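Read off the chains here:
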Amino acid sequence: MHRTMFPIGPQHPSLKEPIFLKLYVEGTVIEKAEFDLGYAHRGVEEKMENKEIDTTLHAVQRTCGICSQCHSLAFLNAVEPMGQIRIPKRVALQRMVIAELERIHSHMLWSGVMMHEMGLETLFMYYMREREKILDVFDELTGNRVHHSADLIGTMKMNFSEEDIEMISKTFDSMKDKLEDYRRSVEGHDVIRDRCIGKGKITRADAVKYGLVGPVARASGISYDVRVNAPYLGYQFVKVNPVVRTEGDVHARTLVRLDETFESMRIVEEACSKIPKSKVPKYPVKRIFHGQGAGRVEAPRGENFHFVKIDMAKTKRVKIRTPTVANLVMYPKVLQGADITDAPVIVMSMDPCISCMERVAVIKKGKTEVWSSHELFRGKKHD
Amino acid sequence: MIKILSKAKRISADRLVSVTGIKEEPFLLYYHFSKNNQLKMKELKIEVPKGESVESLISLYANAEILEAETAEMFGITFEGNPSSGKRLFREEKKCTGQCFQ
């Protein structure tokens, strides 16, 4: 039997974003997996060199097409200590509310797409319908649905009013019962259980060895969450209960994300009740001329890291290490030995965000590997 | 080759968080480590003169593979002992040139 290379991507119906997975199969079993990157490069890091800090903050918020606030917070966590800027409680809590709302909408987007991968289109529609309510909340709070642009150095652009907080509470009330119902469906649905339980298993030892982060690590028994282990901003005022499971398979990763949605709702409600009556400081709070620092936050996909160097009030270097990069190294290993029909579900369970990860890869002019249509449809043969 | 394995071992961190390259003269490499889950990370700074290679941390931290590969491909730095160094992110020529930032 020939060892056949089976391509998935870079453009494929089962992928949200472009990544080229090469699966070397024997029969239907994946013997080896490789990935190629570089299909969504925008050169964000290079573009941020020698720019005003405010301009860089604006660009940083647009690194990812799903989660904007986590990049903004990681950047600010690196920059604000350089100027010894003390963040007032209102700003800390408001930033946290947006970050947690973002986690809810990101996990609901992921849940919908995951259900779509398994052929459950009705659940996909249900999750997307509920997610839309969170996007409407963002629209009301910040004026933007996805890229919120709510933060400034040391302050924010808006004060949440009593009406805003009431609107968040009403939105959650209209969602909770439905989300609990969907969760029960996901946990007990025979099709989902057959597709997920025991598939794409990552042991705790592997998760530690490869330095995995976020829900992927927490589904393998690692109780690591930046919000809990190294509280920043409003997480000093609101306790977070990390959701941890030990099974390490696709089902565990699904349930961790679903449970984190409820935990985030609780955090938002508690944070809203603690927002003080004072107003956010006027901008600009303080100018920063020199310094370098690193900041990290818990993004919906895991730990997000930013390194920033500032010289003459301009950003000399911004390095972004997204959670997808941290988990990427596990892909070949988790796919090895799996059935090829499980590959889309396993890949999706890692929640890859290629566009924010690929700010680094380069598409060069010159020699390229060109596949014929025959090779694309049939897969390349390798002896 | 610049040896950094023993320096990294002395930090005895739980996890390698990131590898950052800065195009200065000499070239600067920053390693960030997470230790005891504290918000403040441990930092290791290395100066890399032109033409020098750097010892890979892959034997200590498996996730160093992709983090070093990224730096190798963006800046043309060679990491000795990293099989992916210079061929992980480029999808055309599997060759490290470091043209994009330098």
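Residues numbered from 1 in each chain as written. Chains lettered and ligands numbered in written order. Predicted model: local features only at pLDDT ≥ 70, side-chain atom pairs only at ≥ 80, totals over all residues. Heavy atoms only, no water.

Visitor: Got a sec to walk through the overall build of chain B? Specific residues and values, please.
Guide: Each helix and strand counted, chain B has two helices and five strands in total. Residues counted as buried form 57% of the 102 residues belonging to chain B. Of the contacts made within chain B by residues no fewer than 6 positions apart, 44% connect residues no fewer than 24 positions apart. Counting only carbon and sulfur atoms, one obtains 45% of the accessible surface of chain B, whose full area is about 4,500 Å². (Helix = DSSP H or I, 4+ residues; strand = E, 2+ residues; numbered from the N terminus. Buried < 20%, exposed > 50% of the residue type's maximum accessible area, 1.4 Å probe, protein only. Contact = heavy atoms within 4.5 Å. Areas by Shrake-Rupley, 256 points an atom, 1.4 Å probe, with all protein chains shown as cover.)

Visitor: Outline the overall build of chain A, listing residues and values.
Guide: From N to C terminus, chain A includes 16 helices and ten strands. Looking at chain A as a whole, 61% of its 383 residues qualify as buried. For chain A, long-range pairs separated by at least 24 residues make up 72% of all intrachain contacts whose partners lie at least 6 apart in sequence. Carbon and sulfur atoms form 52% of the exposed surface of chain A, whose accessible area is close to 14,900 Å².

Visitor: Could you give an account of the sheet that holds strand S9 (residues 314-321) of chain A, with specific residues and numbers?
Guide: Residue and element names in this part refer to chain A. Strand order across the open sheet formed by four strands is S4-S9-S8-S7, with antiparallel pairing between neighbours. Two strands close off the open sheet at either side, each with one partner strand: strand S4 (51-52) and strand S7 (291-299). Examined bridge by bridge, S7 and strand S8 (residues 302-311) share nine bridges and lie antiparallel to one another. Bridge pairing links Gln292 to Lys309 in S8. (Pairing = 2+ DSSP bridges.)

Visitor: Before we move on, could you go through the pattern of salt bridges and cite the residues and values that matter?
Guide: All names here are of chain A. A complete count under the given rule lists 34 salt bridges over all chains for this structure. The closest approach of N and O atoms between Arg95 and Asp151, which form a salt bridge, is 3.4 Å. With Arg95 in helix H4 (residues 89-117) and Asp151 in strand S5 (residues 151-152), the pair connects residues that are 56 residues apart, well separated along the chain. Summarising the burial analysis for this pair, Arg95 and Asp151 share the class buried. We note a salt bridge from Glu263 to Arg266, for which the minimum N-O separation is 2.9 Å. Here Glu263 and its partner Arg266 are both found in helix H11 (residues 250-274), three residues apart, which amounts to about one turn of the helix. Each of the salt bridges in this network shares a partner with another, and the network as a whole consists of Glu100, Arg103, Arg218, Asp225, Arg227, Glu260 and Glu298. (Salt bridge = Lys/Arg side-chain N within 4 Å of Asp/Glu carboxyl O.)

Visitor: Describe in detail the pairing of strand S3 (residues 29-36) of chain A, supporting the description with residues and values.
Guide: Strand direction decides the pairing type here: strand S2 (residues 20-26) of chain A and S3 of chain A, joined by seven bridges, are antiparallel. Counterpart to Leu21 of chain A in the pairing with S3 of chain A is Phe35 of chain A.

Visitor: Break down the packing of helix H5 (residues 121-142) of chain A against helix H6 (residues 162-188) of chain A for me, with residues and values.
Guide: Residue and element names in this part refer to chain A. Running from amino to carboxyl end, H5 crosses H6 at an angle of 165°, the nearest separation of the two axes being 11 Å. Classed by the angle they form, the pair H5 and H6 counts as roughly antiparallel. Every pair of crossing elements has a handedness; the one defined by H5 and H6 is left-handed. For the pair formed by H5 and H6, the contact residues are Leu123, Tyr126, Tyr127, Arg129, Glu130, Lys133, Ile134, Val137, Glu140 and Leu141 on the first element and Asp164, Met167, Ile168, Thr171, Phe172, Ser174, Met175, Lys178, Leu179, Tyr182, Arg183 and Val186 on the second. (Axes fitted to C-alpha atoms, helices over the stretch in contact; angles between N-to-C directions. Parallel < 35°, antiparallel > 145°, perpendicular 65-115°, else oblique. Left-handed = near helix turned anticlockwise from the far one by under 90°.)

Visitor: Could you give an account of the sheet that holds strand S1 (residues 15-22) of chain B, with specific residues and numbers?
Guide: All names here are of chain B. Overall, antiparallel pairing links the three strands, which are arranged S1-S2-S3 in an open sheet. Single-partner strands in this sheet number two, and they are S1 and strand S3 (42-48). The sheet shows a mean angle of 20° between the axes of neighbouring strands, taken without regard to direction. Inspection of the sheet shows S1 paired to strand S2 (residues 27-34) by seven bridges, in the antiparallel sense. Residue Leu16 lies in a different strand from S2, and its bridge partner there is Phe33.

Visitor: Just give me the short version of the nonpolar core, but keep the residues and values in it.
Guide: Counting residues in hydrophobic clusters, the biggest one holds 124 residues, and the most contacted among them are Leu101 and Leu335 of chain A together with Tyr31 and Phe33 of chain B. Tallying contributions element by element places H4 of chain A first for this core, with 15 residues. Three or more residues apiece are contributed to this core by two domains, here domain 1 (3-41 + 326-382) and domain 2 (44-325) of chain A. Residue contacts for Phe33 of chain B: discarding those within four places in its chain leaves Ala8, Ile11, Ala13, Arg15, Leu16, Val17, Met41, Lys42, Leu44, Leu57 and Tyr61 of chain B. The next biggest cluster of nonpolar side chains, apart from the first, holds 17 residues, and it includes Val79, Ile153, Ile288 and Ile320 of chain A. (Core = buried A, V, L, I, M, F, W, Y, C linked by side-chain atoms within 4.5 Å. Domains from an automatic or database assignment.)

Visitor: Explain the pairing of S2 of chain A to me, using residue names and the numbers behind them.
Guide: Residue and element names in this part refer to chain A. Within S2, six of the seven residues are buried, leaving the element largely enclosed by the surrounding structure. Pairing of strand S1 (residues 3-8) with S2 involves five bridges; the strand directions are antiparallel. Bridged to Thr4 within S2 is Val25. Hairpin remark: S2 followed by S3, antiparallel, with two residues in the connecting loop; positive phi at Gly27, about 70°.

Visitor: Residue-level account of the confidence of the model for chain B, with values.
Guide: Averaged over every residue, the pLDDT of chain B is 80; the share at 70 or more is 81%. Note on residues 93-102 of chain B: pLDDT is under 50 here. Beyond four places in sequence and across chains, it has 31 contacts. (pLDDT = per-residue confidence, 0-100.)

Visitor: Can you tell me about the packing of H4 of chain A against H11 of chain A, naming the residues and giving the values?
Guide: Residue and element names in this part refer to chain A. At a minimum axis separation of 9 Å, H4 and H11 run at an interaxial angle of 155°. Relative to H11, H4 is oriented roughly antiparallel. Like other packed secondary-structure pairs, H4 and H11 cross with a definite hand, here left-handed. When grouped by side-chain class, the residues that make up the contact of H4 with H11 number 16 nonpolar, five polar and seven charged. (Nonpolar A, V, L, I, M, F, W, Y, C, P; charged D, E, K, R; others polar.)

Visitor: Outline the packing of aromatic side chains, supporting the account with residue identities and numerical values.
Guide: Going through the model one piece at a time under the given rule, you end up with seven aromatic pairs over all chains. A ring pair is formed by Phe27 of chain B and Phe75 of chain B, whose centres lie 5.0 Å apart and whose planes are at 55°; its orientation type is tilted. Here the residue Phe27 of chain B occupies a position in strand S2, and Phe75 of chain B occupies one in helix H2 (residues 64-75), the gap between them amounting to 48 residues. Both residues of the pair, Phe27 of chain B and Phe75 of chain B, count as buried. Cluster of aromatic residues (ring-pair linked, three or more members): Tyr126, Tyr127 and Tyr182 of chain A. (Phe/Tyr/Trp six-rings, centres within 6.5 Å; stacked < 30°, edge-to-face > 60°.)

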